[in-house]
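# Close look at the chain arrangement
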Amino acid sequence: MHSVEQLLTKLNLTVVTTFTSGHKCQTVYKVCTADHRSLVLKVGTDPQAIAEIQKNLRGYDNLRKAGLNIFIPEIVDSNKSRYEAFILMEYCGNCFSELALRSKKPHRLYERLVETVSSVYSVSKTDGTSARTFLSNVQSEICKQYRRYLQHIFDPTRLIESLLENVIHVIDFNCPHCCFASWDFTPQNVFLTRGGVKYVDPNDIVVGIPIIDIACFAGVIRDVQKLPGSASGYGLLEESAFATGHMLGLSEEKTHKLFNLGRVLQNFLSARFRVETDKVRAHKFFEEGRVYLEKIVQ
């Protein structure tokens, strides 16, 4: 097993900066090659981080199989073993959140995002056999956030348990078509480059119903991060969700319920990750999630 320093020496890389990374992999660097090319190195040396990188590599492979090579960064090198894993990949610049914070015309960023991601959905459109699994996973994730992290704090009498159980009966999980989808499609994982939109750190499941993704993204940019231009950006994303639903053969009613389901997921995740640091705001997100649940089962 290599230390990070040994791996950097082996690959002939120099660290430029250390990124603030996600919860599962804490060693992500912007690096420079001997010929001054900027790259990103993601390294995992503990079981959770190794599993995260292995999942990313499977996700990139599955995106290629879906015809979406242009959607992912160039993978320069990678390796996975029992003791360590790494990905060395193209540096894509600032993520969407950072671009929006720095832009003088953030509305154009949302327009470009909607336009480019719409082409990703069209290219990857396929039959709907993956819809049930994808939507079942989303529902399971919502239930996990509620039951494991939120219920005992914000709903000790389990008032919304029946709402969660009714969702499966209200939303028909059969869909005519699927396309690229990953409910971990976030402003931190999306990059707008000269070569188009790039998506990093994918889950290994990359086909499903993207209306969930769009709703999560919209909620994060407007209600969580409060990015510049996010009010109009939210509207553009919501419009794109209905256009995508039409492309996939979904009714407006079903698209609306799926968008609300995505908002439930985003709000429960946002509440879960703030329970320890900002309980007041966490409770606000939880209540917003409950409202969207009620809209689904009305």
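Basis of the calculations
Residues numbered from 1 in each chain as written. Predicted model: local features only at pLDDT ≥ 70, side-chain atom pairs only at ≥ 80, totals over all residues. Heavy atoms only, no water. Helix = DSSP H or I, 4+ residues; strand = E, 2+ residues; numbered from the N terminus. Rg over C-alpha atoms; globule rule 2.2 N^0.38 Å. Buried < 20%, exposed > 50% of the residue type's maximum accessible area, 1.4 Å probe, protein only. Contact = heavy atoms within 4.5 Å. Areas by Shrake-Rupley, 256 points an atom, 1.4 Å probe, with all protein chains shown as cover. Lys, Arg positive; Asp, Glu negative; His and termini not counted. Charge placed at Lys NZ, Arg CZ, Asp CG, Glu CD. Pairing = 2+ DSSP bridges. Core = buried A, V, L, I, M, F, W, Y, C linked by side-chain atoms within 4.5 Å. 1 Å grid on protein atoms, 1.4 Å probe; cavity = no way out; pocket = protein on both sides within 12 Å on 5 of 7 lines; lining within 4 Å. Points joined across faces, edges and corners; volume = space filled by probe spheres on them. Nonpolar A, V, L, I, M, F, W, Y, C, P; charged D, E, K, R; others polar.

What the chain contains, in helices and strands, is 10 helices and 10 strands. Against the 2.2 N^0.38 benchmark of 19 Å for 298 residues, the chain shows a C-alpha radius of gyration of 20 Å, consistent with a compact globule. Considered along the principal axes of its C-alpha atoms, the chain spans approximately 60 × 40 × 40 Å. Taking all 298 residues of the chain together, 50% fall into the buried category. Contacts in the chain between residues at least 24 apart in sequence constitute 70% of all its contacts with a sequence separation of at least 6. Approximately 14,100 Å² of the chain is accessible, and the part contributed by carbon and sulfur atoms is 51%. Put simply, the chain has 36 plus and 32 minus side-chain charges, and the middle of one group is 2 Å from the middle of the other.

Moving on: the side chain of Thr244. Relative to the elements of secondary structure, Thr244 occurs in helix 8 (residues 230–247). Residue classification places Thr244 among the buried positions, given a relative accessible area of 5%. Excluding anything up to four places from it in sequence, Thr244 contacts Tyr121, Pro210 and Ile214.

For strand 2 (residues 27–32), the buried fraction is high: five of the six residues fall into the buried class. Where strand 1 (residues 14–18) lies against strand 2, four bridges are found, and the strand directions are antiparallel. Residue pairing across strands places Thr17 opposite Lys30, the latter belonging to strand 2. Taken together, the six bridges between strand 2 and strand 3 (residues 38–44) define a ladder with antiparallel strand orientation. If you follow Tyr29 over to strand 3, its bridge partner there is Leu41. The loop that links strand 2 with its antiparallel partner strand 3 comprises five residues; one of these, His36, has a positive phi angle of about 70°.

Our next topic: the nonpolar core. Counting 84 residues, the largest nonpolar core has Phe71, Leu113, Phe180, Ile209, Ile212 and Phe268 as the members making the most contacts within it. It is helix 7 (residues 211–224) that contributes the most residues to this core, 10 residues altogether.

Here we come to the sheet that holds strand 6 (residues 126–127). The three strands are arranged 6-7-10 in an open sheet whose pairing can be described as antiparallel. In this open sheet, the two edge strands, each paired with only one partner strand, are strand 6 and strand 10 (207–208). Across two bridges, the pairing between strand 7 (residues 177–180) and strand 10 is antiparallel. Paired with Phe180 across the strands is Val207, a residue of strand 10.

Another aspect to go through is empty space enclosed by the protein. With the rule as written, the count across this model stands at one cavity of 30 Å³ or more. Of the pockets and cavities examined, the largest cavity occupies roughly 80 Å³. Listing elements by their share of the lining of the largest cavity, those giving two or more residues are helix 4 (106–123), helix 7 and helix 8. Of all the elements, helix 4 adds the most residues to the lining of the largest cavity, at five residues. Within the lining of the largest cavity, the residues separate by chemical class into eight nonpolar, two polar and no charged.

Both strand 6 and strand 7 contribute to a ladder of two bridges, which runs antiparallel. Looking at the pairing, Asp127 lines up with His177 of strand 7.

Below, the discussion takes up the environment of Ile53. Mapped onto the elements of the fold, Ile53 is located in helix 2 (residues 47–65). Along the backbone, Ile53 and Asp278 are 225 residues apart, and their C-alpha atoms lie at a distance of 30 Å.

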